[in-house]
Amino acid sequence: MSTSKSDVPNEKECLALLRDEGCTKRVIVHCATVRAVAEQIASRIPAADMKLVIAGALLHDIGRSQTHSIMHAVIGAHIAINRGLSPEIVEIIRRHTGAGIDPEDAKEMGLPDGDFIPRTLEQKIVAHADNLVSDNCVVKVEHSVEKLERKGAHRGAVRVAELHKELSALYGEDLDCMVDVLGEYPRLKGVRP
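Residues numbered from 1 in each chain as written. Predicted model: local features only at pLDDT ≥ 70, side-chain atom pairs only at ≥ 80, totals over all residues. Heavy atoms only, no water.

Undergrad: Just to check I follow, could you spell out the overall build of the protein for this structure?
TA: If you tally the helices and strands in the protein, you get 10 helices and 2 strands. Overall size of the protein, expressed as C-alpha extent along the three principal axes, is 40 × 35 × 30 Å. Within the span of the protein, comprising 193 residues, buried residues form 55% of the whole. Sequence-distant contacts in the protein: of pairs separated by 6 or more residues, those separated by 24 or more amount to 70%. When the accessible surface of the protein is summed, it comes to about 9,200 Å², and 51% of that surface belongs to carbon and sulfur atoms. Averaging the coordinates of the 25 positive side-chain charges in the protein and doing the same for the 29 negative ones gives two points 5 Å apart. (Helix = DSSP H or I, 4+ residues; strand = E, 2+ residues; numbered from the N terminus. Buried < 20%, exposed > 50% of the residue type's maximum accessible area, 1.4 Å probe, protein only. Contact = heavy atoms within 4.5 Å. Areas by Shrake-Rupley, 256 points an atom, 1.4 Å probe, with all protein chains shown as cover. Lys, Arg positive; Asp, Glu negative; His and termini not counted. Charge placed at Lys NZ, Arg CZ, Asp CG, Glu CD.)

Printed below as a string of structure tokens:
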């Protein structure tokens, strides 16, 4: 899914939106770290809309300005709608948790009825880049899989592992290489840790 350049905020605009909404520095640094991973993944997948990936990665946790619960994705999508952001950005934000949340899991978690599984390439890249970042540290996929398993979210853990395989194949290398390619604490654009 592609958008016109005017529909997608640039890096500076995204960072300003996060600040305007009241995101903490910790959330902003996390978003910038996810952006670094997402940008690297998209750099080797020609079909990915890089501008959309960067904006989606920077804004994926904008809902954390109001809550750190699982509802942050739904709240973030509402913030994006109210800010007049493109439907593509709204959906990246709404669908970014884990490798998505299916309607059955959504009901169990108390989320609104719906399918929160990433469908587009850009949604998948941002969701998985988020899986490869813990706070502001780049990690291997097993970190997220084991975290979900410990919470009893077995279907979610399977979805994360499957998304990892899918995107690794498109990237041409196991995405666990992000730790080596970017380092545990990558150099961030526009943000100081």
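Undergrad: Honestly, empty space enclosed by the protein in this entry has me stumped. Any pointers?
TA: Gaps left between atoms are located by rolling a probe of water-molecule size over the structure's atoms. Within this structure, the stated rule accounts for 1 cavity of 30 Å³ or more. Approximately 30 Å³ is the volume attributed to the largest cavity. Lining of the largest cavity is provided by I70, A73, V74, R94, T97, I101, L111 and F116. Looking at the lining of the largest cavity residue by residue, the classes come out as 6 nonpolar, 1 polar and 1 charged. (1 Å grid on protein atoms, 1.4 Å probe; cavity = no way out; pocket = protein on both sides within 12 Å on 5 of 7 lines; lining within 4 Å. Points joined across faces, edges and corners; volume = space filled by probe spheres on them. Nonpolar A, V, L, I, M, F, W, Y, C, P; charged D, E, K, R; others polar.)

Undergrad: Just checking my understanding: could you explain the confidence of the model for the protein for this structure?
TA: Segments scoring low in pLDDT should not have their predicted coordinates read at a detailed level. On average, residues of the protein carry a pLDDT of 92, and 96% of them reach 70 or more. This model gives residues 1-5 a pLDDT under 50, and the stretch forms 12 contacts once residues within four places in sequence are excluded. (pLDDT = per-residue confidence, 0-100.)

Undergrad: Just to check I follow, could you spell out the nonpolar core for this structure?
TA: Soluble globular proteins: nonpolar side chains tend toward being buried together. If you look at the biggest cluster of nonpolar residues, it comprises 56 residues, and the most contacted ones within it are I41, L59, I125 and M178. Here this core takes 10 residues from helix α2 (residues 25-43), the largest share from any one element. Core analysis: the next-biggest nonpolar cluster, separate from the first, contains 5 residues, V74, A106, L111 and F116 among them. (Core = buried A, V, L, I, M, F, W, Y, C linked by side-chain atoms within 4.5 Å.)

Undergrad: Would you mind going over the environment of A157 with me for this structure?
TA: Its place among the elements puts A157 in helix α9 (residues 154-171). Discounting residues that sit within four places of it in the chain, A157 has contacts with V145, L148 and E149.

Undergrad: Would you mind showing me how to read the layout of surface pockets here?
TA: Put simply, the largest pocket is a space of about 960 Å³. Lining the largest pocket are 34 residues, with R64, G98, K147, L148 and K151 positioned closest to its centre. Across the lining of the largest pocket, the residue classes break down as 8 nonpolar, 15 polar and 11 charged.

Undergrad: Whenever I open this one, α9 confuses me. Can you help?
TA: An α-helical turn contains 3.6 residues, so a residue and the one three or four places further along point in the same direction. Across its 18 residues, α9 extends 26 Å between first and last C-alpha, which sits within 8% of the 26 Å expected from 1.5 Å per residue. Looking only at α9, the buried set comprises G156, A157, R159, V160, L163, H164, L167, S168 and Y171. Relative to the axis of α9, the buried residues are bounded by an arc of 165 degrees and lie together on one face. Projecting away from the buried face of α9 at angles above 90 degrees are the exposed residues K165 and A169. In the core, the buried residues of α9 are packed alongside α2, α6 (103-109), α7 (121-131), α8 (141-150) and α10 (178-182). At the exit of α9 stands G172, carrying a positive phi of roughly 95 degrees. (Expected span 1.5 Å × (residues − 1). Arc of directions from axis to C-beta.)

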